[in-house]
Amino acid sequence: MPDYERRLLTNLSDFVRRFVSLSAAQSDVCAVWVIHTHALEAAEFTPYLDISSPVLRSGKTRLLEVLKMLVFKP
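About the cut-offs
- Residues numbered from 1 in each chain as written.
- Predicted model: local features only at pLDDT ≥ 70, side-chain atom pairs only at ≥ 80, totals over all residues.
- Heavy atoms only, no water.
- Helix = DSSP H or I, 4+ residues; strand = E, 2+ residues; numbered from the N terminus.
- Polar contact = N/O pair within 3.5 Å; in protein donor to acceptor, adjacent residues only side chain to side chain.
- Contact = heavy atoms within 4.5 Å.
- Phe/Tyr/Trp six-rings, centres within 6.5 Å; stacked < 30°, edge-to-face > 60°.
- Buried < 20%, exposed > 50% of the residue type's maximum accessible area, 1.4 Å probe, protein only.
- Core = buried A, V, L, I, M, F, W, Y, C linked by side-chain atoms within 4.5 Å.
- Arc of directions from axis to C-beta.
- Salt bridge = Lys/Arg side-chain N within 4 Å of Asp/Glu carboxyl O.

J.: Residue-level account of the side chain of Ser 27, with values.
T.: Mapping Ser 27 onto the fold places it in helix H2 (residues 24–38). A distance of 3.0 Å separates the side chain of Ser 27 from the backbone oxygen of Ala 24, its partner in a polar contact. Each residue touching Ser 27, except ones within four places of it in the same chain, is listed here: Ser 13, Arg 17 and Leu 22.

This is the structure in structure tokens:
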């Protein structure tokens, strides 16, 4: 992976983690999913990002708010 792609994914992952408490793996998945939304026409299928938690006030809505700022055509 080229350095600029790695930096982009790292920056996106770090941005998400600034506002939502996630593991590194979870924020990395969010970063990849954000990039996917910008390249949607090049994909044959799109994954579903499942945001769920049995715990109230765990940050689900905040994550959606953050992703809304980053994805293509929210």
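Continuing now.
J.: An account of the packing of aromatic side chains is needed here, citing residue identities and associated values.
T.: One pass over the full model with this rule turns up 1 aromatic pair. Residues Phe 15 and Phe 19 carry aromatic rings whose centres are separated by 5.1 Å and whose planes lie at 65° to one another, so their mutual orientation is edge-to-face. In this pair, Phe 15 and Phe 19 are both assigned in helix H1 (residues 3–19), 4 residues apart and thus about one turn of the helix distant. In this structure Phe 15 comes out as partly exposed when scored by relative accessible area, which is 24%.

J.: Break down the nonpolar core for me, citing the residues and quoting the values.
T.: Nonpolar side chains in soluble globular proteins tend to be buried together. Membership of the largest hydrophobic core comes to 13 residues, with the highest contact counts inside it found for Val 16, Leu 22, Val 34, Leu 63, Leu 67 and Leu 70. At 4 residues, helix H3 (residues 60–70) tops the list of elements feeding residues into this core. Setting aside chain neighbours within four positions, we find Leu 63 in contact with Val 16, Val 20, Leu 22, Cys 30 and Ile 51.

J.: Can you tell me about H3, naming the residues and giving the values?
T.: Since the α-helix advances by 3.6 residues per turn, residues separated by three or four positions end up pointing in the same direction. Among the residues making up H3, those that are buried are Leu 63, Val 66, Leu 67 and Leu 70. Here the buried residues of H3 occupy an arc of 100° about the axis, which is enough to place them on one side. Opposite the buried face of H3, by more than 90 degrees, sit the exposed residues Thr 61, Lys 68 and Met 69.

J.: Describe in detail the environment of Val 32, supporting the description with residues and values.
T.: Tracing the chain through its elements places Val 32 in helix H2. Residue class for Val 32 comes out partly exposed when judged on its relative accessible area of 48%. Measuring from C-alpha to C-alpha, the distance between Val 32 and Phe 19 comes to 17 Å, with 13 residues separating the pair along the chain.

J.: Residue-level account of the pattern of salt bridges, with values.
T.: Counted by the stated rule, this structure contains 2 salt bridges. For Arg 7, the salt bridge identified is with Asp 3, shortest N-O distance 2.4 Å. Of this pair, Arg 7 and Asp 3 both sit in helix H1, 4 residues apart, which is roughly one turn of the helix. Assessed through its relative accessible area of 46%, Arg 7 is described here as partly exposed. We note a salt bridge from Glu 65 to Arg 62, for which the minimum N-O separation is 3.2 Å. Of this pair, Glu 65 and Arg 62 both sit in helix H3, 3 residues apart, roughly one helical turn. Owing to a relative accessible area of 44%, Arg 62 belongs among the partly exposed residues under this scheme.

Geometry only, nothing functional implied.
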